[in-house]
Amino acid sequence: MTVQIENEFLIATIAEDGAELISLKSKKNNIEYIWQGDPTFWGRHAPVLFPVVGRLKDDRYTYDNKTYPMSQHGFARDSLFEVIEHGAELVSLSLRSSKKTKEVYPFDFELILSYTLEADNLVVNYQVENTGNADMYFSIGGHPAFNVPLEQGLTFDDYYLSFSPKKSRTQIPLVGPFADFEHKTLGQTNTSLDIRRELFKDDAIIFETKGANTFTIESDEGPHSISLSYTDMPYVGIWSPYPQEAPFVCIEPWCGIADEINATGKLVDKKGINKLPASDVFKTQYTLTAK
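Presented here is an overview of the structure given in this document. The residue numbering used here restarts from 1 in each chain and proceeds along that chain's sequence as written. Under the rules for a predicted model, residues below a pLDDT of 70 receive no local features and side-chain atom pairs below 80 are neither given nor counted, while totals for whole chains, interfaces and linings still include all residues. With hydrogens and water excluded, all non-hydrogen atoms of the structure serve as input to the side-chain values.

**As for the overall build of the chain**
Strands here mean DSSP runs of E at least two residues long; helices mean DSSP runs of H or I at least four residues long; both are numbered from the N terminus. Helix and strand content of the chain: zero helices and 26 strands. In this description the radius of gyration comes from C-alpha coordinates, and the expected globular size is given by 2.2 Å times residues to the power 0.38. Computed over the C-alpha atoms, the radius of gyration of the chain is 18 Å, within 12% of the 19 Å expected from 2.2 N^0.38 for a compact globule of 291 residues. When the backbone C-alpha atoms are referred to their principal axes, the chain occupies close to 55 × 45 × 35 Å. Categorising residues by exposure relies on relative accessible area from a 1.4 Å probe, with only protein chains included: less than 20% of the type maximum marks a residue as buried, more than 50% marks it as exposed, and the intermediate range marks it as partly exposed. Put simply, the chain has 291 residues, and 53% of those count as buried.

**Some thoughts on the sheet that holds strand β3 (residues 20–26)**
Following DSSP output, two strands are said to pair if at least two bridges run between them. Within the open sheet, the three strands sit side by side as β1-β2-β3. Their pairing is antiparallel. Each end of this open sheet is capped by a strand with a single partner; those strands are β1 (2–6) and β3. Averaged over all pairs of adjacent strands, the angle between strand axes in this sheet comes to 20°, irrespective of strand direction. As paired elements, strand β2 (residues 10–15) and β3 share six bridges and run antiparallel to each other. Pairing of I11 across the sheet is with K25, part of β3. Every angle, taken between N-to-C directions, lies between 0 and 180 degrees, and every axis is a line fitted to C-alpha atoms, over only the stretch in contact when it is a helix.

**Quick word on the side chain of N274**
Secondary-structure assignment places N274 in strand β25 (residues 274–276). A polar atom in the side chain of N274 sits 3.1 Å from the backbone oxygen of C255. Only heavy atoms enter the contact rule, under which two residues are in contact if any of them lie within 4.5 Å. If we skip the residues at most four places from it in the chain, N274 touches M136, Y137, F138, S139, C255 and F282. Side-chain atoms alone can form a polar contact between residues adjacent in sequence; in general such a contact is a pair of N or O atoms within 3.5 Å, and within protein one must be able to donate a hydrogen while the other accepts it.

**Here we look at the pattern of salt bridges**
Two side chains of opposite charge can pair, provided their charged atoms sit close to one another. Any carboxyl oxygen of Asp or Glu within 4 Å of a side-chain nitrogen of Lys or Arg constitutes a salt bridge here. The tally for this structure, following the rule as stated, stands at ten salt bridges. Salt-bridge contacts for D135 lead to K275; the nearest nitrogen and oxygen are separated by 3.5 Å. Of this pair, D135 sits in the loop between β10 (121–130) and β11 (136–138) while K275 sits in strand β25; the two residues are 140 residues apart in sequence, bridging distant segments of the chain. Classification of D135 as partly exposed rests on a relative accessible area of 27%. Look at K275 and you get exposed, because its relative accessible area is 54%. Linking K184 and E208 is a salt bridge whose minimum nitrogen-to-oxygen distance equals 3.9 Å. Taken together, the residues span a long stretch of sequence, with K184 in the loop between β17 (178–179) and β18 (185–187) and E208 in strand β20 (residues 205–208) at a distance of 24 residues.

**Here's the deal with the pairing of strand β7 (residues 82–86)**
Taken together, the four bridges between β7 and strand β8 (residues 90–96) define a ladder with antiparallel strand orientation. Paired with E82 across the strands is S94, a residue of β8.

The following block contains the structure:
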């Protein structure tokens, strides 16, 4: 099932499966900003990544001397959420730990996704509560995919990425699906970056980010754009399938990252992992601005 929220500018549709944003449409010009999940290229729209981001070595980890299986990006994206609040411009959905989740993740938690429309913005809030009696370790992130081109008559190559602030950011290469921090470089995000297929020949482009950041997909050939903004999420991935000519690009804000090449497999040692004390709450958010 799905739920909708709308204001005078936008209509957003969210699936209860995965609490996934599956549509963000302009009421003014009828533009659909979110990739519609054609399985020929990629069957998802904007999955929620929890309790891991990216791949784990051997698709497993150890915690408290026990080994657990965990698929790429975790289980939240394939879990059924419960709608706990639904108004005209706001919807909140909850996922709680269960016997099933504890087979792969031994922590008590509640994960709440909230979507709020504010003019031409959609604010996506993540809230993780540790409902257990011990420290909890997790990662969380977004994976929204945006249609490129956004309008008829333009092509994929007509678009570019712009960055705010315009400054160089540390770029983390991938070796296969794993992060290679030993060979990180300085990415040229002080200028705009033309969107080309070859950008993604080594999978996602990953940057370290600090403070406030905005990433925009736009074109000089048309007036419409989509921006993703956030504060204090330490990584961002930018991805489109390669070599397929998929008509979308993902901008993925992360509090966490794929395992390093030399990862120990211990969850408490994992790069980018978040430690949440018992009964504490973690919150973060990002904003989509549709023009």
